[in-house]
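One-letter residues, chain by chain:
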Amino acid sequence: MRLRTVVVALGLMASATTASADVKMVAQMTGKMMGRSPSGETVTYIKGSKMRTDQTMGGNQLSTIMDVDAGELISLNHKNKEAEIWNVADLQKTMQGAGVAASGVDVKITPTGESKDVAGYKAAGHDLSVSVKSEMAQGMAMTVTISGPAYLSTDAPGAKDYAAFYMAAADKGFFFGDPRAAKAQPGNAKGMMALYRSMAEKGIPLESRQVIKLSGDGPMAGIFAKMGGGEINTTVTSISAEPLAADLFTVPAGYKVKRQKVD
């Protein structure tokens, strides 16, 4: 579950230059994360304050919906016709109560002067660097770093809508990652959101390579180095601003709904 949401997070890149438009983006991913190869197609949809991603993982068709206004993260398993709904505010309180906090987020996005065409749109090259420190229990600390190149476009459909969505999501405390895993690794989840919000201000990442590493001090340093690391390569193949149906962002009829809580 954590792998899927991290991969989804790395694949969600879409935006628009019009005043208001829905966004559909199709991307191809390759790479390795936690010993697995999350390769395949991911489709991302943005409509106002809602975002949905569809992908196939382990033979299952899965979707994740972020509803910023409702403060909910919805996970859909289409094979089992099941929906899990998480309240983001409640999850934040649980994470804080567990004595795990993420702080000190440092994001750097540096233009390289290079450019290329991706999916038919001009994109400018940038070097990405994110570092966030997580204070764990018993005084332990873990640092998450995310780095790699990305080609950002302000010409592709959906730029303003993409930026508006990620800014609103970050302000509401949304994160990337399985809610169960986010409690244990808040730095990873918070770092991802900080990175995508900063990229949104400069354009849509139509092509990117992101390397995730965890490090720490003391006896846990070796364990941290092996946790959650990996590399994901994402390339957008198509992006459009055609109107999207509102029911894309709701739980389908007949699905079994379970409202989850992280204890």
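Keep in mind it's a predicted model, so treat the numbers as computed, not measured.

So, how was this worked out
Residues numbered from 1 in each chain as written. Predicted model: local features only at pLDDT ≥ 70, side-chain atom pairs only at ≥ 80, totals over all residues. Heavy atoms only, no water. Phe/Tyr/Trp six-rings, centres within 6.5 Å; stacked < 30°, edge-to-face > 60°. Helix = DSSP H or I, 4+ residues; strand = E, 2+ residues; numbered from the N terminus. Buried < 20%, exposed > 50% of the residue type's maximum accessible area, 1.4 Å probe, protein only. Lys NZ or Arg CZ within 6 Å of the ring centre and 35° of its normal. Core = buried A, V, L, I, M, F, W, Y, C linked by side-chain atoms within 4.5 Å. Contact = heavy atoms within 4.5 Å. Salt bridge = Lys/Arg side-chain N within 4 Å of Asp/Glu carboxyl O. Expected span 1.5 Å × (residues − 1).

Draft legend 1. Region of interest: the packing of aromatic side chains. Under the counting rule described, the total for this entry stands at three aromatic pairs. Ring geometry for Tyr-162 versus Tyr-166: centroids 4.6 Å apart, planes at 55°, classification tilted. Here Tyr-162 pairs with Tyr-166, and both are found in helix α3 (residues 159–171), just four residues apart, close to one helical turn. In terms of burial, Tyr-162 and Tyr-166 fall into one category: buried. Its relative accessible area of 0% is what places Tyr-166 among the buried residues. Among the aromatic side chains, those forming a connected cluster through ring pairs are Tyr-162, Phe-165, Tyr-166 and Tyr-196. The ring of Tyr-151 carries the charged tip of Lys-116 above its face, separated from the ring centre by 4.8 Å.

Draft legend 2. Main features of the nonpolar core. Of all hydrophobic cores here, the largest spans 42 residues; its most connected members are Phe-165 and Tyr-166. Here Phe-165 is in contact with Ile-46, Gly-48, Ser-49, Lys-50, Met-51, Met-66 and Val-68, once residues within four sequence places are set aside. Judged by nonpolar contacts, the second largest core, of 11 residues, contains Ile-65, Leu-76, Ile-85 and Leu-244.

Draft legend 3. Broad picture of the pattern of salt bridges. Per the stated rule, a full pass over the model turns up six salt bridges. Between Asp-22 and Lys-47 there is a salt bridge whose closest N-O contact spans 2.8 Å. Taken together, the positions of Asp-22 in the loop between β1 (15–16) and β2 (23–33) and Lys-47 in strand β3 (residues 40–47) put the pair 25 residues apart, joining distant regions of the chain. Relative accessible area serves as the criterion here: at 27%, Lys-47 is assigned to the partly exposed category. Linking Asp-171 and Arg-197 is a salt bridge whose minimum nitrogen-to-oxygen distance equals 2.8 Å. You can see Asp-171 sitting in helix α3 and its partner Arg-197 sitting in helix α5 (residues 186–200), a full 26 residues away along the chain. A relative accessible area of 57% means that Asp-171 is categorised as exposed.

Draft legend 4. Structural view of the side chain of Glu-72. Mapping Glu-72 onto the fold places it in strand β6 (residues 72–77). Excluding its chain neighbours within four sequence positions, the residues that come into contact with Glu-72 are Ile-65, Met-66, Asp-67, Ile-85, Trp-86, Val-88, Phe-174 and Arg-259.

Draft legend 5. Structural view of α3. For α3, which comprises 13 residues, the first-to-last C-alpha distance of 18 Å matches the rise-based estimate of 18 Å (1.5 Å per residue) to within 8%. Considered for burial, the residues of α3 that qualify are Ala-159, Asp-161, Tyr-162, Ala-163, Phe-165, Tyr-166 and Ala-169.

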